[in-house]
Amino acid sequence: DLEGSCEISGSVSGQFLSGLLLCAVGAKKKINILRVDNLVQPDYVRMTIQSIMAFGGKINHDLNLTKFEVIPADTIGIGHYTIEADASTCCYFISLAFLHNFELRILNLGSSTLQPDFKFIHLLIQMGANIKINESEVTVYKRPLNIKPKGNVTFDFLLYSDQALTMGAIGLFADGPLEITGVSHIRHH
């Protein structure tokens, strides 16, 4: 009848915490998890929690994603679950449409997503992309003039560091330099 408890660091990657949460859902007893250190890319942990709860799992947690109480679920499963498009991968194609000035429509990905890389699309808009976003789709529209992406900006990529290399490629075509900060943690990925 003992409950399990453990501590985990979040400073290298939130994936370790997500993996632990996924495993804890299958435990026979309640599991208490304490996250120590900072949490890299917390949005991915939020996505994990959202998915677990959609499948019938029970997790109580604080707003800072520091303390978790994973309660055993009688059954885990769901009859129908739609997996949204992967924002990380979509950003490559959205960037290509922006750079080469063609139209592109991405379905099953929109403003309702928790995926942190989705925020990258807003940077492209800031750089001059003609992109419209609704709750479940993203559309890149052709611009009347194929102008260079706007440069002379600094971006903090802490929450969507996987897109730093994509922005590096876009920076080659920008009308001024780009500075990317907040990516030192990706040395460990």
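Preceding block: the structure.
Residues numbered from 1 in each chain as written. Predicted model: local features only at pLDDT ≥ 70, side-chain atom pairs only at ≥ 80, totals over all residues. Heavy atoms only, no water.

### Let's talk about helix 5 (residues 164-171)
Alright, step 1. Every buried residue belonging to helix 5 is among Ala164, Thr166, Met167 and Ile170, and all of these are buried. Along the axis of helix 5, the buried residues cluster in a sector spanning 155°; they form a single face.
Alright, step 2. If you follow the buried residues of helix 5, they end up packed against helix 3 (87-100), helix 4 (119-126), strand 8 (153-156) and strand 9 (178-181). (Buried < 20%, exposed > 50% of the residue type's maximum accessible area, 1.4 Å probe, protein only. Helix = DSSP H or I, 4+ residues; strand = E, 2+ residues; numbered from the N terminus. Arc of directions from axis to C-beta. Contact = heavy atoms within 4.5 Å.)

### A short note on unusual backbone geometry
Of all residues except glycine, most have a negative phi; of all peptide bonds, most are trans.
Alright, step 1. Positive phi outside glycine occurs at Gln41, with the angle close to 50°.
Alright, step 2. Following the sequence through the fold, Gln41 ends up in the loop between strand 2 (31-39) and helix 2 (42-54).
Alright, step 3. According to the relative accessible area criterion, Gln41 is buried, its value standing at 9%.
Alright, step 4. Here Asn108, not a glycine, exhibits a phi torsion of approximately 65°, which is positive.
Alright, step 5. Residue placement: Asn108 occurs in the loop between strand 5 (104-107) and helix 4.

### Notes on the nonpolar core
Alright, step 1. In terms of nonpolar packing, the biggest core is built from 26 residues, with Ile94, Phe120, Leu124, Ile131, Phe157 and Met167 touching the most fellow members.
Alright, step 2. When contributions to this core are tallied by element, the ones reaching two or more residues are helix 3, helix 4, strand 7 (137-140) and helix 5.
Alright, step 3. Sorting elements by how many residues they give to this core places helix 3 first, with 6 residues.
Alright, step 4. The contacts of Met167, once residues within four sequence positions are left out, are Phe120, Leu123, Met127, Phe155, Phe157, Leu178 and Ile180. (Core = buried A, V, L, I, M, F, W, Y, C linked by side-chain atoms within 4.5 Å.)

### Points about the pattern of salt bridges
Alright, step 1. Tallying each qualifying case throughout the model produces 4 salt bridges.
Alright, step 2. Glu69 is the salt-bridge partner of Lys30, the closest N and O atoms lying 2.9 Å from each other. You can see Lys30 sitting in the loop between helix 1 (15-24) and strand 2 and its partner Glu69 sitting in strand 4 (residues 67-71), a full 39 residues away along the chain.
Alright, step 3. Note on Glu69: relative accessible area 22%, which makes it partly exposed.
Alright, step 4. A salt bridge links Lys119 to Asp43; the shortest N-O distance between them is 2.8 Å. Here Asp43 lies in helix 2 and Lys119 lies in helix 4, a separation of 76 residues in the sequence.
Alright, step 5. The partly exposed category is assigned to Lys119, whose relative accessible area is 33%.
Alright, step 6. Residues participating in the shared-partner salt-bridge network are Asp43, Arg46 and Lys119. (Salt bridge = Lys/Arg side-chain N within 4 Å of Asp/Glu carboxyl O.)

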